[in-house]
Amino acid sequence: MKKLSKEEIKSIQLEMLSYIDNICKKNNIKYSLIGGSLIGAIRHKGMIPWDDDIDIGLVYDEYIKLINVLRKSDDYILLDHDRNKKYYFPFAKMVDKSTQLIEKDFSKIDEYGVYIDIFCYRKVPSGKKAKKYYNKQQYYNFMLGGIKEVNKDKNVIRYLSKLLRYYYVHMMGVEHYFNQIKKLYKKYETIESKYLLADWHVYPFENEIKTVDMFDDYIQVPFENLKVSIIKKYDIYLKSTFHNYMELPPEEKRVTHDLTVYLRER
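Rules and cut-offs
Residues numbered from 1 in each chain as written. Predicted model: local features only at pLDDT ≥ 70, side-chain atom pairs only at ≥ 80, totals over all residues. Heavy atoms only, no water. Helix = DSSP H or I, 4+ residues; strand = E, 2+ residues; numbered from the N terminus. Rg over C-alpha atoms; globule rule 2.2 N^0.38 Å. Buried < 20%, exposed > 50% of the residue type's maximum accessible area, 1.4 Å probe, protein only. Contact = heavy atoms within 4.5 Å. Areas by Shrake-Rupley, 256 points an atom, 1.4 Å probe, with all protein chains shown as cover. Lys, Arg positive; Asp, Glu negative; His and termini not counted. Charge placed at Lys NZ, Arg CZ, Asp CG, Glu CD. Patch = residues over 30% accessible without salt bridge, like charges linked within 9 Å, V, L, I, M, F, W, Y side chains within 5 Å. Salt bridge = Lys/Arg side-chain N within 4 Å of Asp/Glu carboxyl O. Core = buried A, V, L, I, M, F, W, Y, C linked by side-chain atoms within 4.5 Å. Pairing = 2+ DSSP bridges. Axes fitted to C-alpha atoms, helices over the stretch in contact; angles between N-to-C directions. Parallel < 35°, antiparallel > 145°, perpendicular 65-115°, else oblique. Left-handed = near helix turned anticlockwise from the far one by under 90°. Disulfide = S-S within 2.5 Å. Polar contact = N/O pair within 3.5 Å; in protein donor to acceptor, adjacent residues only side chain to side chain.

Student: Would you take a moment to explain the overall build of the chain for this structure?
Tutor: Within the chain, the regular secondary structure consists of eight helices and 12 strands. At 19 Å, the chain has a C-alpha radius of gyration in line with the 18 Å of a compact globule built from 266 residues. Residues classed as buried in the chain amount to 48% of the 266 residues present. Of the contacts made within the chain by residues no fewer than 6 positions apart, 67% connect residues no fewer than 24 positions apart. Split by element, the accessible area of the chain, about 14500 Å² in all, is 51% carbon and sulfur. Here the chain contributes 46 positively and 38 negatively charged side chains, and the mean placements of these two sets differ by 5 Å.

Have a look at this one:
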């Protein structure tokens, strides 16, 4: 199989983003670049030079519309736990069928390839209940990570901790944690609230919590060779997450996933 260069991977990702953008325009679905991809759009007019993935986010109703369309797609694979029980993230990925991405955590997922992450922003209660929601969500997501096999680690305590989680999760049953997350989502699905949380977190609660009005209006901006959708209140979103997002991080923090991708044999 042919190994793809970083530029070839990037080209495929941009084709995928263009595909999603066209679907959203055609079906009147509102989406936005989020996270590092949103920083890239504002600061670099494209992908952050050392970044190698693309993230988009949608509020719940828009997310469901996009997922329903992508499930019927013959062009790409929608990867989530409903489709593949070995996939342990609570969010979905749209995967390119012509590529094979080699990543140890997903070695048992044959269809894994170059992807775009698709995150859902859901309403959460206000005040202390919001933090409690966040903590529960973090716990379930952490436990779901126990699905993957444990690799050797020089840090004995960390290795034993991962091994314990692995056996505990498989004893409880993987579906137990997915069901718990679904119950948590459903509990607040129809509440009136001005607060949102995505289904995956990297930062503390104060950085992750968003307000509904951030996702009210959208604008089109340049992104590499495309024009894509972002939330109009991107500055509020990015400052609440990253603070001074226009400042470049020090070189030692410019981390890449260093993807290993092959073109599948037809």
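Next, the rest of the story.
Student: What exactly am I supposed to notice about a nonpolar patch on the surface here?
Tutor: Residues Tyr139, Tyr168, Met171 and Met172 make up a contiguous nonpolar surface patch of roughly 420 Å² in combined accessible area. When residues in the nonpolar patch are grouped by element, the largest group, three residues, is from helix H5 (residues 156–172).

Student: Sorry if this is basic, but what is going on with the pattern of salt bridges here?
Tutor: Between side chains of opposite charge, a pair can form as their charged atoms come close. One pass over the full model with this rule turns up 12 salt bridges. Put simply, lysine 182 and aspartate 82 hold a salt bridge, and the shortest N to O gap is 3.6 Å. One end of the pair, lysine 182, is in helix H6 (residues 174–187); the other, aspartate 82, is in the loop between strand S4 (76–79) and strand S5 (92–96), with 100 residues separating them in the sequence. What makes lysine 182 partly exposed here is its relative accessible area of 41%. Residue aspartate 82 is classed as partly exposed on the basis of its relative accessible area, which comes to 48%.

Student: Even after reading the chapter, I still don't get the nonpolar core, so can you show me in this structure?
Tutor: What tends to happen in soluble globular proteins is that the nonpolar side chains get buried as a cluster. Ranked by size, the top nonpolar core spans 85 residues in total, and within it Leu17, Leu33, Ile56, Leu66, Ile118, Phe223 and Tyr237 carry the most contacts. A per-element tally of this core places helix H1 (residues 6–26) first, with nine residues.

Student: Hey, could you run me through the pairing of strand S8 (residues 195–198) in this one?
Tutor: It is a general feature of regular strands that their side chains alternate between the two faces of the sheet. Sheet analysis places strand S7 (residues 115–124) next to S8, joined by four bridges and oriented antiparallel. By the bridge assignment for S8, valine 124 is matched with tyrosine 195. By the bridge criterion, two bridges tie S8 to strand S9 (residues 210–211) in an arrangement that is antiparallel. Bridging from a neighbouring strand, tyrosine 195 pairs with threonine 211 of S9.

Student: Help me understand the pairing of strand S11 (residues 226–231), please; the structure alone is not making it clear to me.
Tutor: When you tally the buried positions in S11, you get five out of six residues, the bulk of the element. Of the pairings in the sheet, the one linking strand S10 (residues 218–223) to S11 comprises six bridges and is antiparallel in character. Note on S11: the bridge partner recorded for valine 221 is valine 228. Between S10 and S11, which pair antiparallel in sequence order, lie two residues; one of them, glutamate 224, sits at a positive phi of approximately 55°.

Student: What is the right way to read the environment of aspartate 199 from this model?
Tutor: The topology assignment puts aspartate 199 in the loop between S8 and helix H7 (205–208). Residues aspartate 199 and glycine 57, spaced 142 residues apart in sequence, show a C-alpha to C-alpha distance of 9.9 Å. Apart from residues lying up to four places away in sequence, aspartate 199 is in contact with Pro90, Phe91, Phe119, Cys120, Arg122, Gln137, Asn141 and Tyr185.

Student: So what exactly am I meant to see when it comes to the sheet that holds strand S6 (residues 99–102) here?
Tutor: Strands in a sheet are paired, the pairing made by backbone hydrogen bonds, and the direction either parallel or antiparallel. If you trace the three strands from one edge of the open sheet to the other, you get S1-S12-S6, paired in antiparallel fashion. Across the chains shown, the open sheet's two edge strands, defined by having one partner strand only, are strand S1 (2–3) and S6. As defined by bridge partners, S6 adjoins strand S12 (residues 260–263) across four bridges and the pair is classed as antiparallel. Bridging from a neighbouring strand, isoleucine 102 pairs with threonine 260 of S12.

Student: Sorry, what's going on with the packing of H1 against helix H3 (residues 60–71) here?
Tutor: The geometry of a pair of packed helices is captured by two quantities: the angle between their axes and the separation between those axes. Where H1 meets H3, the axes come as close as 11 Å, and the angle between the chain directions of the two elements is 115°. Between H1 and H3, the angle falls in the class roughly perpendicular. Here H1 runs over H3; the crossing is right-handed. Between H1, through Tyr19, Ile20, Ile23 and Cys24, and H3, the contact on the second element is made entirely by Leu66, Val69 and Leu70.

Student: Could you clarify how one ought to interpret the state of the cysteines in this entry?
Tutor: Per the stated rule, a full pass over the model turns up zero disulfides. Cysteine 24 takes part in no disulfide bond, and the closest cysteine sulfur, belonging to cysteine 120, lies 13 Å away.

Student: Looking at this model, I keep getting lost on the side chain of aspartate 96. Mind explaining?
Tutor: If you trace the backbone, aspartate 96 turns up in strand S5. Of the polar contacts made by the side chain of aspartate 96, one reaches the side chain of serine 98; its length is 2.6 Å. Of the polar contacts made by the side chain of aspartate 96, one reaches the side chain of threonine 99; its length is 3.1 Å. For aspartate 96, the contacting residues outside a window of four places in its chain are Ile12, Met16, Tyr76, Gly113 and Val114.

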